[in-house]
Each structure stands twice: as C-alpha cells, then as structure tokens.
Amino acid sequence: MAQGSQSGEQRVRSRFPDELKAIRSRGEGYLVVVIDADQHTAADRLGQLDEECEKRGVARRTPEDRAIVVVPRRNVETWFEYLDGQKVDEDTKYPKRFKGKDHRRLADALYDTCHERQRLPKSAPPSLTESCAEYERLKRDQSR
C-alpha cells in the first residue's frame, strides 16, 4: 500500500519502530505519539505498536525510553469535546468541529489539567486519564 493511501493510524503504526529506534540513538529529545483507538481499546493499540516493533526487529518500548504514547478513544475529538465542557462517552464518534485557534485553547486546557492541576475529575474519559499518567513519564524524566 502506498503511503499516501494509508490511514493516519496505519502510518503512525508503521513509522513507530523507526522513530522509537531513532529516539533511543539520540541523547536528547522525546517521542510523543498520538494514535486514535477508534473501535479498539488503548491496550489493543499499544499491543499493535509492540507487534510492529517485533516484526521490524526493534525492542518494545520500555519505561526507560524517552517516548510516550497517548491513545484517545474513540478519537481525539472525544477529548476536545470533554475539554470544551461537554459530557462525553468513549463509544460515540464525535464530529470534527474544532479548528485552528480552538486546538490551541484545548491543548492549553489539557496542559493545565495534566500538568498544572495534575489530576482529572472522575467524569474525564478513561483514555484521557491514562494519557495524563503517560505524560507523567516525561515529567519524571525531565527531573532526573
């Protein structure tokens, strides 16, 4: 399949082993991967990334790697809706209604939630809570 005909998820999955290998070879920087779960679970997607690494002869991601993987379920629009104050569930496919400056505002809200307040309300989508915990790995690494 030509790269132009791959879905975003397929492209991320196929590039992941090379990007992980590259970040391991550098002495600095981080790899941040965002891949939608779609109808799968976050664990399914993480397993698919591990399988792709194994197929390509690259060791799976470890806690020591300067790489985090965040997996919005069903897609990132779920998080956007939540961060915009809407009640959401992770089974509904939300439309792409946010553009340009909205993304910056929502990214700032996510940063504030995960970095500044360091906790999410119980109403937060589980995949967002998991991703904030993943983000903690970067913070721990920066403090070393």
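Model, not experiment: these values are computed from the prediction.

*Asks:* Which residues make up the pairing of strand S2 (residues 67–70), and what are the values?
*Replies:* Burial along S2 is two-sided: Ala67 and Val69 facing one way and Ile68 and Val70 facing the other are all buried. Pairing between strand S1 (residues 31–34) and S2: 4 bridges, direction parallel. Paired with Val34 across the bridge in S2 is Val70. As a crossover connection, the stretch from S1 through helix H2 (residues 42–55) into S2 is right-handed.

*Asks:* Report on the state of the cysteines, specifying residues and quantitative values.
*Replies:* With the rule as written, the count across this model stands at 1 disulfide. The disulfide bridge from Cys114 ends at Cys132, spanning 1.6 Å between sulfur atoms. On the sign convention where negative means left-handed, the S-S torsion of about -50° between Cys114 and Cys132 marks this disulfide as left-handed. Placement of the pair is Cys114 in helix H4 (residues 101–117) and Cys132 in helix H5 (residues 126–142), with a sequence separation of 18 residues.

*Asks:* Can you break down the layout of surface pockets residue by residue, with the values?
*Replies:* Here the largest pocket is characterised by a volume of approximately 370 Å³. Along the walls of the largest pocket sit 18 residues, with Val32, Val70, Trp79, Leu110 and Tyr135 positioned nearest its centre. At the level of secondary structure, the elements contributing two or more residues to the lining of the largest pocket comprise S1, S2, helix H3 (76–83), H4 and H5. Broken down by element, the residue count for the lining of the largest pocket peaks at 6 residues, all from H4. Grouping the amino acids of the lining of the largest pocket by side-chain chemistry returns 16 nonpolar, 2 polar and no charged.

Criteria and thresholds
- Residues numbered from 1 in each chain as written.
- Predicted model: local features only at pLDDT ≥ 70, side-chain atom pairs only at ≥ 80, totals over all residues.
- Heavy atoms only, no water.
- Buried < 20%, exposed > 50% of the residue type's maximum accessible area, 1.4 Å probe, protein only.
- Helix = DSSP H or I, 4+ residues; strand = E, 2+ residues; numbered from the N terminus.
- Pairing = 2+ DSSP bridges.
- Right-handed = clockwise from strand over helix to strand, strands pointing away.
- Disulfide = S-S within 2.5 Å.
- 1 Å grid on protein atoms, 1.4 Å probe; cavity = no way out; pocket = protein on both sides within 12 Å on 5 of 7 lines; lining within 4 Å.
- Points joined across faces, edges and corners; volume = space filled by probe spheres on them.
- Nonpolar A, V, L, I, M, F, W, Y, C, P; charged D, E, K, R; others polar.

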